[in-house]
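Coordinates in review
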Amino acid sequence: MTALPGRHDPSDEGRGTAAARPAAGAPGAARPGVVYLVGAGPGDPGLFTQRGAELLATADVVLHDELVHTALLDGVREGAEVRSVGKRGGDRVVKDAKQAEIDAELVALGLAGRSVVRLKGGDPFLFGRGSEEAEALARAGVPFEVVPGVCSPLGATAYAGISLTHRNIASSVMIVSGVTRAGKGFDWSELASVRGTICVLMGMQALDAVVAGLTGPGRRDPATPAAAIQWGTRADQRVVTSRLDELPRRAREAGLQSPAVIVVGAVTRLREALRWFDRKPLFGKRVLVTRPRHQARSTSRLIRLRGGEAVELATIEIHPPPDPARVTEAVRGLSGYDAVVFTSENGVACFFREMERLGLDARAFGSARLAAIGVGTAAALAARGVRADIVPGEFRGEELAQALLADPALAERLAARPEVRVLLPRALVAREVLPERLRAAGCEVDVVPVYETRPASTERREELLRALSAGAIDVVLLTSSSTVDSLCDLLGEGAAARLDRVLLASIGPITTATAEKRGLRIGVTAEVSTTAGLLDALDRYFAAKQAAPASAGE
């Protein structure tokens, strides 16, 4: 076992964990009595600013817009008050009244000494009423700060492969709102002399009027290239390009609605050459992640980086072990073991939680060799200050047993004395191949359950059934045999038939074998049994499907 400097878990997104979160009062933390107007960006949570994440992780209260990606809220500190204050719909009187309530609440919270993040879509000061909220705070004498965000005209167009400026095409950009504060249309005659790119926000509900204004008073040629980008930067991004005068019809045919950005100008022709986001193999795919919430975050982030959208719905729940006293006894007796073997990230988390409760750290392992079944489990150990001595090339119990027995230090101990003591902290129910092979080789193995997995609640079952019936899931990740069993048990009779409508992706041969025994049809099996390896296998699968029509036509 090798001690490492303390650092946060690299498998986490870096938000919402105690290790990554600055402590209250630390430099950069949200200060009492201050309101922070924070831009959430255009949709992709990966575009959120570092400063925004820092404040979100330390604020007392978070008031967010309805369109903010839910993944950002994972970064809110435990115990903080979180509420949606979104204002959608076309009734301007209702929206104005709601905004007045938000202004008053921000003032009241600030005067009460609370640290507040007002999380706004895009950038707070670009058609986001952030300046109005700042004015209300200034009038009341409440300190505030503004944290800019990536605005939708920049983010959505970049993800759509449209460069707003190009030195050979356009040297200026005009950003306008399709609707003014009073609900009247923009005075398009102001754009009559503009020759650069035009971006229209909040114009989809009146797209016909917007195009009429641009081709009329705005003096734009009806044949000008144009585009509409809905849900820009997200996995459900949709883009329509056409002549300006045909854009309303084309958008209706495609079913495009708000929120969307309208782009007018020759730069929209660049899309076919520059589009990249919607060419990712996983783009637009809704991928079911069945791991518990605390483990799903890193997987969901990897899916988003590949252009997909994670649907987080845990099929199992992690519960305390049936005999906590055994865990305490094992932790206190660590110095008496020759090896400690971890077979899951949950096992690491639960075991170290007991170590921390007893006031122990990495030194408690003494001379014991530490083994991890795979790189994810090894990373969980590294996050807690220790490095695994033994990690097999293939992440299965059989290979882990072989790697342990082949370890020179343990082999020497086995040769020198009758028994080598091995501690195996794991789930209550697991495969027995590992302890059986170690015992057959002469090891004394103590199997200590440090947690128990149980099926998810009935509410989760109904939620999953609705998602499958509605076609809201394209891919299901099967990351272990227990995932397969829990998913099938949760769905009950007819599970195989329900899952036959989606692509089932397995993390490795053992998981695939378990799935096939349950009657499931596996479409993808990873060659490398890690989450990243599984997503790489999905990338190759969908890339091959994208290439197939082109190859067939050659």
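Remember, predicted model here, so these are calculated numbers, not experimental data. (Residues numbered from 1 in each chain as written. Predicted model: local features only at pLDDT ≥ 70, side-chain atom pairs only at ≥ 80, totals over all residues. Heavy atoms only, no water.)

This part covers the overall build of the chain. Along its length, the chain carries 19 helices and 22 strands. The principal-axis extent of the C-alpha atoms belonging to the chain is close to 95 × 70 × 45 Å. Taking contacts inside the chain between residues at least 6 apart in sequence as the whole, the part at least 24 apart equals 69%. Of the roughly 24,900 Å² that the chain leaves accessible, carbon and sulfur atoms contribute 51%. Side-chain charges in the chain split into 69 positive and 66 negative, and the spacing between the mean points of these groups amounts to 4 Å. (Helix = DSSP H or I, 4+ residues; strand = E, 2+ residues; numbered from the N terminus. Contact = heavy atoms within 4.5 Å. Areas by Shrake-Rupley, 256 points an atom, 1.4 Å probe, with all protein chains shown as cover. Lys, Arg positive; Asp, Glu negative; His and termini not counted. Charge placed at Lys NZ, Arg CZ, Asp CG, Glu CD.)

Turning to helix α10 (residues 345-357), a few remarks are in order. End to end, α10 covers 18 Å across 13 residues, agreeing with the expected 18 Å (1.5 Å per residue, within 8%). For α10, the set of buried residues is N346, G347, V348, A349, C350, F351, F352, E354 and M355. G359 sits one or two positions beyond α10 and adopts a positive phi of about 75°. (Expected span 1.5 Å × (residues − 1). Buried < 20%, exposed > 50% of the residue type's maximum accessible area, 1.4 Å probe, protein only.)

Take V267: it is sitting in the loop between β11 (260-264) and α7 (271-274). Considered as a pair, V267 and G79 are 188 residues apart in the sequence and their alpha carbons are 47 Å apart. Beyond its immediate sequence surroundings of up to four residues, V267 is in contact with I162, S163, L164, I169, A170 and T197.

Below, the discussion takes up unusual backbone geometry. Across the junction of S258 and P259, the peptide omega takes the value 0°, indicating a cis bond. Mapping P259 onto the fold places it in the loop between α6 (247-254) and β11. Phi at F127 is positive, roughly 55°, even though this residue is not glycine. By the element assignment, F127 lies in the loop between β5 (116-120) and α3 (130-140).

Time to look at a nonpolar patch on the surface. The grouping of F125, F144 and V146 at the surface amounts to a nonpolar patch, some 240 Å² of accessible area in total. Residue position: F125 is located in the loop between β5 and α3. (Patch = residues over 30% accessible without salt bridge, like charges linked within 9 Å, V, L, I, M, F, W, Y side chains within 5 Å. Salt bridge = Lys/Arg side-chain N within 4 Å of Asp/Glu carboxyl O.)

Here we come to the packing of helix α15 (residues 458-469) against helix α16 (residues 481-491). Packed helices, taken two at a time, are described by the angle their axes make and the gap between the axes. Contact geometry for α15 and α16: axes closest at 9 Å, N-to-C directions at 90°. Relative to α16, α15 is oriented roughly perpendicular. Residues R461, L464, L465 and L468 of α15 touch α16, and the partners they reach there are L487, L490 and L491. Grouping the amino acids of the contact of α15 with α16 by side-chain chemistry returns six nonpolar, no polar and one charged. (Axes fitted to C-alpha atoms, helices over the stretch in contact; angles between N-to-C directions. Parallel < 35°, antiparallel > 145°, perpendicular 65-115°, else oblique. Nonpolar A, V, L, I, M, F, W, Y, C, P; charged D, E, K, R; others polar.)

Take empty space enclosed by the protein next. Inspection of every chain in the model, using the stated rule, returns two cavities of 30 Å³ or more. Space inside the largest cavity adds up to approximately 60 Å³. Lining the largest cavity are D44, P45, H69, T233, R234, A235, F277, R304, G308 and E309. Each residue belonging to the lining of the largest cavity can be placed in one class, and the counts come to three nonpolar, three polar and four charged. Its volume calculated, the second largest cavity comes out at about 40 Å³. Lining the second largest cavity are L404, L405, L410, L414, V420, V422, L438 and C443. Of all the secondary structure elements, the ones that give two or more residues to the lining of the second largest cavity are α12 (397-406), α13 (408-416) and β18 (420-427). Class assignment of the residues belonging to the lining of the second largest cavity gives a composition of eight nonpolar, no polar and no charged. (1 Å grid on protein atoms, 1.4 Å probe; cavity = no way out; pocket = protein on both sides within 12 Å on 5 of 7 lines; lining within 4 Å. Points joined across faces, edges and corners; volume = space filled by probe spheres on them.)

A few words now on the confidence of the model for the chain. Predicted coordinates in areas of low pLDDT are best not read in detail. With 93% of its residues at a pLDDT of at least 70, the chain reaches an overall mean of 89. Contacts from residues 1-20, a stretch scored under 50 in pLDDT, to residues over four places away or in other chains number 47 contacts. (pLDDT = per-residue confidence, 0-100.)

A separate point is the sheet that holds strand β4 (residues 81-84). By definition, the strands of a sheet pair up through backbone hydrogen bonds, in either a parallel or an antiparallel sense. Across the sheet, which stays open at both edges, the five strands sit in the order β4-β3-β5-β2-β6 with parallel pairing between neighbours. Pairing within the sheet leaves two strands with one partner each, and these edge strands are β4 and β6 (144-147). If you compare each strand with its neighbour and ignore which way they point, the axes differ by 15° on average. Lying on the sheet, α3 is in contact with β2 (35-39), β5 and β6; it crosses β2 at an angle near 170°. (Pairing = 2+ DSSP bridges.)

A word on the side chain of S177. Its location among the elements puts S177 in strand β7 (residues 173-177). Excluding anything up to four places from it in sequence, S177 contacts F127, F186, L201 and M202.

Overall, the coordinates contain 11 aromatic pairs when judged by the stated rule. Seen in terms of ring centroids, F342 and F352 are 6.3 Å apart; in terms of plane orientation they differ by 40°. Their pairing is tilted. Remark: F352 occurs in helix α10 and F342 occurs in strand β15 (residues 339-342); sequence separation between them is 10 residues. Classification of F352 by relative accessible area gives buried; the value is 5%. Note on F352 and F365: the rings are 5.8 Å apart at their centroids and 40° apart in plane angle, and the pair reads as tilted. Of this pair, F352 sits in helix α10 while F365 sits in the loop between α10 and β16 (369-372), placing them 13 residues apart in sequence. Both residues of the pair, F352 and F365, belong to the buried class. Through successive ring pairs, a cluster of aromatic residues spans Y159, W276, F277 and F283. Stacked on the ring of F542, the Lys or Arg K285 has its end atom at 4.6 Å from the ring centre. (Phe/Tyr/Trp six-rings, centres within 6.5 Å; stacked < 30°, edge-to-face > 60°. Lys NZ or Arg CZ within 6 Å of the ring centre and 35° of its normal.)

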